[in-house]
Amino acid sequence: MSDPVWRATLTKDDLLEAIGFVRTRAGLRLHGIKLEPDVVIMRCAEGLSFRTAQMACDIPAEGSWPSPIRVNGAVLRRLAPKLVGPEVALLYQDGAITLNGTSVTAREI
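Residues numbered from 1 in each chain as written. Predicted model: local features only at pLDDT ≥ 70, side-chain atom pairs only at ≥ 80, totals over all residues. Heavy atoms only, no water.

> What is the right way to look at the nonpolar core in this model?
What tends to happen in soluble globular proteins is that the nonpolar side chains get buried as a cluster. Membership of the largest hydrophobic core comes to 28 residues, with the highest contact counts inside it found for Leu48, Phe50, Trp65, Ile97 and Leu99. Counting residues per element, this core draws most heavily on helix H1 (residues 12-22), at 4 residues. (Core = buried A, V, L, I, M, F, W, Y, C linked by side-chain atoms within 4.5 Å. Buried < 20%, exposed > 50% of the residue type's maximum accessible area, 1.4 Å probe, protein only. Helix = DSSP H or I, 4+ residues; strand = E, 2+ residues; numbered from the N terminus.)

Take a look at the structure:
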């Protein structure tokens, strides 16, 4: 296992706001007969940007995030409220994004 290059720290409240905003029905584009499943997380001037095809929400974050990562937005939205503590350590490594120790499948794009 390699040392992760993607490493950021953000507040849980900011994460909840971002994922909730981009996962609203207005923010999701139809993908076939279902709504698009993924959210892209990428670096922005403020820290990190959470994006779907229709919306983006930029939140403050500290750390290194060299390229965009794609993760299932529904899974992320269900997981975020369950995270313990006021801060979230976000890592991407070896095909998984880890939030405070809980990993879900993701991929670099």
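> Please explain the pairing of strand E8 (residues 69-72) as it appears in this structure.
Side-chain direction in a regular strand flips from residue to residue, so the side chains alternate between the two faces of the sheet. Alternating positions in E8 separate cleanly, Ile69 and Val71 being buried on one face and Arg70 and Asn72 remaining unburied on the opposite face. Where strand E4 (residues 38-43) meets E8, 4 bridges bridge the pair, whose relative direction is antiparallel. Pairing of Val39 across the sheet is with Val71, part of E8. Sheet topology places E8 next to strand E11 (residues 102-108); 3 bridges connect them, and they run antiparallel. Paired with Arg70 across the bridge in E11 is Arg107. (Pairing = 2+ DSSP bridges.)

> Quick question: what am I supposed to make of the pattern of salt bridges here?
Pairing between side chains becomes possible if they bear opposite charge and their charged atoms approach one another. This model, assessed by the stated rule, comprises 1 salt bridge. Across the pair Arg107 and Asp38 runs a salt bridge, and its minimum N-O distance is 3.9 Å. Of this pair, Arg107 sits in strand E11 while Asp38 is found in strand E4, placing the two residues 69 residues apart along the sequence. For Asp38, a relative accessible area of 17% puts it in the buried group. (Salt bridge = Lys/Arg side-chain N within 4 Å of Asp/Glu carboxyl O.)

> I'm lost on the sheet that holds strand E5 (residues 47-51) in this one. Help?
Note on sheets: strands pair through backbone hydrogen bonds, and any given pair is parallel or antiparallel. Read from one edge of the open sheet, 9 strands run E6-E5-E4-E8-E11-E10-E9-E1-E7, paired in antiparallel fashion. The open sheet has two edge strands, strand E6 (56-60) and strand E7 (62-64), and neither has a second partner. Geometrically, the sheet is characterised by an average inter-axis angle of 25 degrees between neighbouring strands, direction not taken into account. In the sheet, E4 pairs with E5 via 4 bridges, with the strands oriented antiparallel. By the bridge assignment for E5, Arg43 is matched with Leu48. Of the strands in this sheet, strand E1 (6-11), E4, E5, E6, strand E9 (87-93) and strand E10 (96-99) touch H1, which is tilted by about 175 degrees from E6. (Axes fitted to C-alpha atoms, helices over the stretch in contact; angles between N-to-C directions. Contact = heavy atoms within 4.5 Å.)

> When you look at the packing of aromatic side chains in this model, what are you seeing that I'm missing?
Centre distance and the angle of the planes are the two values used to describe a pair of aromatic rings. Tallied over the entire structure, the rule returns 1 aromatic pair. Ring centres 5.0 Å apart and planes at 90 degrees place the aromatic pair Trp6 and Tyr92 in the edge-to-face group. Of this pair, Trp6 sits in strand E1 while Tyr92 sits in strand E9, and the two are 86 residues apart along the sequence. Trp6 gets classed as buried once you look at its relative accessible area, which sits at 12%. What makes Tyr92 buried here is its relative accessible area of 8%. (Phe/Tyr/Trp six-rings, centres within 6.5 Å; stacked < 30°, edge-to-face > 60°.)

Without other data, these values stay purely geometric and don't point to any function.
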